[in-house]
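# Structure at a glance
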Amino acid sequence: MSETKLACRNLWKLYGSDPSGFLRGQPGTPSIETIRVGGYIPAVRDVTLEVMTGEILVVMGLSGSGKSTLLRCLARLIEPTAGEVMFEGRDILAASEREMIDIRRHKMGMVFQHFALLPHRTVLDNVAFPLQVRGTDRQKREARAREVVELVGLKGREGYYPRELSGGQQQRVGIARSLAVGPDVWFLDEPFSALDPLIRREMQDEFLRLQQMLNKTIVFITHDFDEAIRVADRIAIMKDGVVEQLGTAEELVTHPATPYVAEFTRNVPHDRLLSVRAVMAPASSRTPETTAVRAHALLASVARQVLSSERPVDVVDDAGMLVGTLSRDSLIDALYSAEVPA
Amino acid sequence: MSATTLIASEQHQDKPSTPLTKSLIVLLPFLFLLLAASMLPDWAVQVPKNWTVPFVDWANVLVEHLRDDTVFGLFSFRDLTRGAAELITWPLAIVEGLLVAGFPAIGLPAMPWLMIMGLAGLLGWHLRDWRLALLSAGCVAYMAIFGKWELSMITLSVVLVAAPIAGLIGFGIGILAVKRPWFESLVVPLLNVLQSLPHFSYLIPIAVFIGVGHKAGAIATVIFAIPPMARLTILGLKGVAEEVREAGKMAGCTRFQTLWMVEIPSARQSLLVGVNQVIMQCLAMVVIASFVGARGLGHDLLFRLQALKIGQALENGVAIVLMAITLDQLSRAAAYKQPSHVAPDASWLQRFPFLAAAALVVLGSLLLTAITPYAQNWPSQFTLSTAPFWDALVRWVTVTLYGPLQVLRNAMLLYVLIPIRDLFQGIPWTAIAALVAAAGWALGGLRLALTVLGFVLFIAFAGYWERSLITAYMVTVAVLICVIIGLPIGIWASRSERRTGIAKLLCDTFQTFPSFIYLIPVIMLFKVGDVAAISAIIIYALIPIVRYTIFGLRNVPAEIVEAGITSGCTRRQLLWNIRMPLAFPEIMLGINQTIMFALFMVIIAAFIGTKDIGQEIFRALTFNDAGKGLVLGLCVAFMGLTADQLITAWATSRKRRLGLA
């Protein structure tokens, strides 16, 4: 079992004249109305979550939901109003400025929505920048930067300036820069939303390829649910500063905790999201047929077989034991009806 | 975004007063006081003499105290200022030695004119293209060939020394303001006032604390050019995207690294635009600083103008204008130049072609100098003069246009200027104060009302109300004429891409001219007096209204215009129903700028004999009356700031309501 890398507990961020005083003066957890009437703008409200080592946690929500603020609180770019941010077991909100700089220089990397490249530096110098500020000597940092530039597929463009690159290429530079110091935690703030849809898809694949190699602990912000499903291990859906639900994509679709989550997940293509287990009917124990499908397979991968079969198809677990059956009708219901079987 | 506009409009509807009743409330006290003027007690019509607050005396006490009594241990304040002024003589001597004077002490001659020309050309080529190269090399050649070499190089050396110093000080102030909020809240209002002070107001304290002469002129130039740099530094650093700053932070930058390696380089372009402003302000000031004895082209120009030698004055004017255009283009090109990648296997020559070419120019010109002295100095027997041509032109103008110009001038005076002046002088001062305060209240609430009322009361009680009214009347007439001429030009120019390009080029070019230059043609046409002064103001202040009209009209969102076209608007309907209403806030900002420009010019026009506040400032300069100069300068600045505060408040709220801001 993997361990917790990054976590926050009862994290709050309010904007206003004296937010922490206001929050301390509240008897319990103030509602959103109380906060607004008090003259404060709630950005993050009482968020508690954990990110496991090597996990991709996607925080997803519409604009104004507080997802970017949450990310910035986790990276301590914004000072939270209340709560704790635990990184590798220590509360980084208690870290001094010097310690924080040190943590960022060695353990954190961040990718920005609009790339945030330095316009006066070449690709190589942009990527080498985090190494330069921590004092790595020129030869070493350039060698490392070349390595990372090659990793993101920009070999040959080292001498270019950001404005000479396309949006997708610029974001590759942003990714390379965030990876230069070999961080443990990787923050991505809507990294692909400023890109065209085709490039976006290509970059998502690129991102997954990199993650397979590097196995970072990732907090990934997006407003695009399709993107969330593609990259996430777990998804947190935010609304009005609160995490409405946190779980795997499948859990969100099959067991939405709130009407908002249900509304969100309604039009998601279920065949690439639901596994056989989620829609199968239970079966009495007997020897499974040889044509049986695996319980954790996605519906898309078994659809052809199930739909062309007259009889329900047997479902087995990883050990080969029969756990249920999947009929043509229940498959069609799962894919094409608005209501998802609970 | 849409939510905030919605809230804003709702809040607006909450207010009980509709626009109509609001403007009535603004106008009513004014109209009442104006119409009842004959029944009002005297004190309410004219500012009573014994109400005058002795600002001037206070300022003079302060100045005298600083000058004579403030002693820091071994040296006095005056020693300090003079000592600081001494510091500028060194770089000035070096640059002047390089460009024109040489170093007789060590037997080194100045740079040959051929070398300066070659280097100027290379700089132009490096910063943009061969056309800029031609312009800058041509400018240098012009100075040599037309006998303006010495004067122009002296002027240039003041600019080359003053601009970096002013730039660095302004830069430092800007950084401090961005990093320390308390400093910003202190320095920004000060910058506002400083930037609205007329040029002459800078000269008077310089004359008092440093004295008169070339050095004093250089110091005045430095001080005058600091505020725009400080302002553009603040603007530039604040304009750096928050994300870029965060990227720096996430890379583990310390505060200093964030500033030095992230923020400043990212703001490079705004900062270089600031440098451009500094250079142009320096050139404008170094011309005017000839009043306190700065040498160079401006000094010669002033001398010729005083002797009414218009032809020779024009020759100097052309040289200044040429220098202004060249310096502007070069510094602008530097601001907009973007770095490009070089091939990784490029040789030294490919990496630094211009450095190599510059070395070549230096060597080549030195070689030529060894062969012929003509390469060192342009031979005086080949010096051309355009003065005869200009003289002929002036004579022709005087002979052929004298009659019609006299008619125009007299008609202007009799039917426009004098009636408006009388009207202005008939307005009770209380009425004006009431109008300004009410407008401030309507546009920005109590705070704005008190601010602008404070400005007006200062002017009233400083004891120069009548002089200020003359200034106000001249500015009003000039601004009205500017709007009448400038608005149609702007509308015409906004019609096509090509016209916009031409108009912008003209505006850019005319704006680079030091304001003093505009007096030359005016003196030529109208000699001296109010008509001449107002004409000079109009020419100068026309630029911003044209520029802002074009900008406003062209920046109306294309979608809204297309919506108008698809609704079946004719071109006229498109202009009056869509473009104009949406561009109007921007046009008002243009009028605001026009007022500022007009105020600057009206003071300089004191040189050609006005009777307004500028004349008083001029006199204060002659008598070295620093206190009076300061108070009068503040009167002018407060006039400008009153207009500025009111118009800006209106335009911002209007833009917000239109959803444009």
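Quick notes on the rules
Sequence order as written defines the numbering, with residues in each chain counted from 1. Each chain takes a letter, starting from A, and each ligand takes a number, starting from 1, following the order in which they are written. Local features in this predicted model are restricted to residues of pLDDT 70 or higher, and side-chain atom pairs are both shown and tallied only at a pLDDT of 80 or more, whereas totals for entire chains, interfaces and linings draw on every residue. For side-chain calculations, the full set of non-hydrogen atoms in the structure is used, while hydrogens and water are omitted. Think of it this way: any DSSP run of H or I at least four residues long counts as a helix, any run of E at least two long counts as a strand, and we number them from the N terminus. We call a residue buried when its accessible area falls under 20% of the maximum for its residue type, exposed when it is over 50%, and partly exposed in between, using a 1.4 Å probe and counting protein chains only. Contact between two residues is taken to exist if any of their heavy atoms lie within 4.5 Å; hydrogens are not considered. For every accessible area listed, the method is Shrake-Rupley and the probe measures 1.4 Å; residues are considered covered only by the protein chains on display. Positive charges come from Lys and Arg alone, negative charges from Asp and Glu alone, with His and the N- and C-terminal ends not counted. By convention, the point assigned to a charge is CZ for Arg, NZ for Lys, CD for Glu and CG for Asp. In this entry, domain limits derive from an automatic or database-based domain assignment. Simply put, the buried area is the total loss of 1.4 Å probe accessible area from both parts when two parts are fitted together. In the sections that follow, a salt bridge refers to a side-chain nitrogen of Lys or Arg positioned within 4 Å of a carboxyl oxygen of Asp or Glu. For this classification, Asp, Glu, Lys and Arg are treated as charged, while Ala, Val, Leu, Ile, Met, Phe, Trp, Tyr, Cys and Pro are nonpolar and the rest, including Gly, are polar. For two strands to pair, DSSP has to find at least two bridges joining them. In this description, a line fitted to the C-alpha atoms serves as the axis of each element, helices being fitted only across the stretch in contact, and the angle between N-to-C directions of two axes falls anywhere from 0 to 180 degrees. Here a polar contact means two N or O atoms within 3.5 Å. Within protein one must be a hydrogen donor candidate and the other an acceptor candidate, and residues neighboring in sequence count only if both atoms are side-chain atoms. Working definition: rings of Phe, Tyr and Trp (its six-membered ring) pair if their centres are within 6.5 Å, and the pair is stacked with planes under 30 degrees apart, edge-to-face with planes over 60 apart, and tilted otherwise. The criterion is that NZ of a Lys, or CZ of an Arg, lies within 6 Å of the ring centre and within 35 degrees of the ring normal, and then a charge sits over that ring.

### Thoughts on the overall build of chain A
Summing up its helical and strand segments, chain A has 14 helices and 14 strands in all. Dimensions along the principal axes, computed over C-alpha positions, put chain A at roughly 65 × 60 × 35 Å. In chain A, which comprises 342 residues, the proportion classed as buried is 50%. Excluding contacts between residues fewer than 6 apart, the proportion of contacts in chain A whose partners are at least 24 apart in sequence is 66%. Put simply, chain A shows about 15700 Å² of open surface, and 49% of that area lies on carbon and sulfur atoms. The centroid of the 41 positive side-chain charges in chain A is displaced by 6 Å from the centroid of its 45 negative side-chain charges.

### A few points about the domain arrangement of chain A
All names here are of chain A. Here the domain parsing of chain A yields domain 1 (52-77 + 94-265) and domain 2 (270-336). At the interface, six residues of domain 1 touch five residues of domain 2. Each partner contributes to the roughly 450 Å² buried at the junction of domain 1 and domain 2, and carbon and sulfur atoms together form 70% of this total. There are zero salt bridges connecting domain 1 and domain 2. In terms of residue count, the dominant contributor to the side of domain 1 that touches domain 2 is helix H10 (residues 249-254) (four residues). By residue class, the composition of the side of domain 1 that touches domain 2 is three nonpolar, two polar and one charged.

### Observations regarding the environment of Ile538(B)
Residues and elements named next belong to chain B. Residue position: Ile-538 is located in helix H24 (residues 530-554). Given a relative accessible area of 13%, Ile-538 falls into the buried group. C-alpha of Ile-538 to C-alpha of Val-483: the two residues are 55 residues apart in sequence and 9.6 Å apart in space. In this structure, Ile-538 is in contact with Ala-478, Ile-481, Cys-482 and Ile-485, ignoring residues within four places of it in sequence.

### A look at the sheet that holds strand E11 (residues 281-282) of chain A
Residues and elements named next belong to chain A. An order of E11-E14-E13-E12 is seen for the four strands of this open sheet, with the pairing classed as mixed. Because the sheet does not close on itself, it has two edges, and the strands there are E11 and strand E12 (293-294). Lying on the sheet, helix H13 (residues 299-307) is in contact with E12, strand E13 (313-316) and strand E14 (322-326); it crosses E14 at an angle near 65 degrees.

### Topic: the environment of Arg579(B)
Looking at the secondary structure, you find Arg579(B) in helix H26 (residues 571-604). Every residue in contact with Arg579(B), bar those within four places of it in the chain, is listed here: Leu553(B), Val556(B), Val561(B) and Leu574(B).

### Digging into the interface of chain A and chain B
Taken together, the contact pairs 31 residues of chain A with 21 residues of chain B. Taken together, the connections running from chain A to chain B amount to two salt bridges. The residue Glu97(A) makes a salt bridge to Arg255(B) at a minimum N-O spacing of 2.9 Å. Between the two partners, chain A and chain B, sit eleven residue pairs in polar contact (both at pLDDT 80 or more). Put simply, the parts of the chain that give the side of chain A that touches chain B at least two residues each are helix H4 (97-107), strand E6 (108-111) and helix H5 (123-133) of chain A. It is H4(A) that contributes the most residues to the side of chain A that touches chain B, five residues altogether. Split by residue class, the side of chain A that touches chain B holds 17 nonpolar, five polar and nine charged.

### Here's the deal with the packing of aromatic side chains
Counted by the stated rule, this structure contains 29 aromatic pairs over all chains. Relative to Phe291(B), the ring of Phe200(B) lies with its centre 5.1 Å away and its plane at 80 degrees, an arrangement referred to as edge-to-face. With a gap of 91 residues between them, Phe200(B) in helix H10 (residues 199-209) and Phe291(B) in the loop between helix H14 (268-288) and helix H15 (297-306) connect regions that are remote in the sequence. Ring geometry for Phe584(B) versus Trp650(B): centroids 5.8 Å apart, planes at 85 degrees, classification edge-to-face. Here the residue Phe584(B) occupies a position in helix H26, and Trp650(B) occupies one in helix H28 (residues 626-658), the gap between them amounting to 66 residues. Ring pairs connect the aromatic residues Phe200(B), Phe291(B), Phe516(B), Phe607(B) and Phe618(B), which therefore count as one cluster. Seen from the ring of Tyr160(A), Arg157(A) lies directly overhead, with NZ or CZ sitting 5.2 Å from the centre. Lying over the aromatic face of Trp130(B), Arg131(B) brings its terminal NZ or CZ to 5.7 Å of the ring centre.

### Focus on the side chain of Lys148(B)
Residue and element names in this part refer to chain B. The topology assignment puts Lys-148 in the loop between helix H7 (130-145) and helix H8 (149-179). Here Lys-148 sits buried without a salt bridge, and the closest side chain of opposite charge, Glu-315, lies 4.1 Å off (N-O distance). For Lys-148, the contacting residues outside a window of four places in its chain are Met-143, Leu-297, Asp-300, Glu-315, Asn-316 and Ala-319.

### A closer look at the pairing of E13(A)
Residue and element names in this part refer to chain A. In E13, alternate side chains face the same way, and those of Val-313 and Val-315 on one face and Asp-314 and Val-316 on the other are all buried. The pairing of E12 with E13 spans two bridges and is classified as parallel. Counterpart to Arg-294 in the pairing with E13 is Val-316. Across four bridges, E13 lies against E14 in antiparallel orientation. By the bridge assignment for E14, Val-315 is matched with Gly-324. Where E13 folds back on E14, the antiparallel hairpin that results is connected by five residues, among which Gly-320 adopts a positive phi of roughly 90 degrees.

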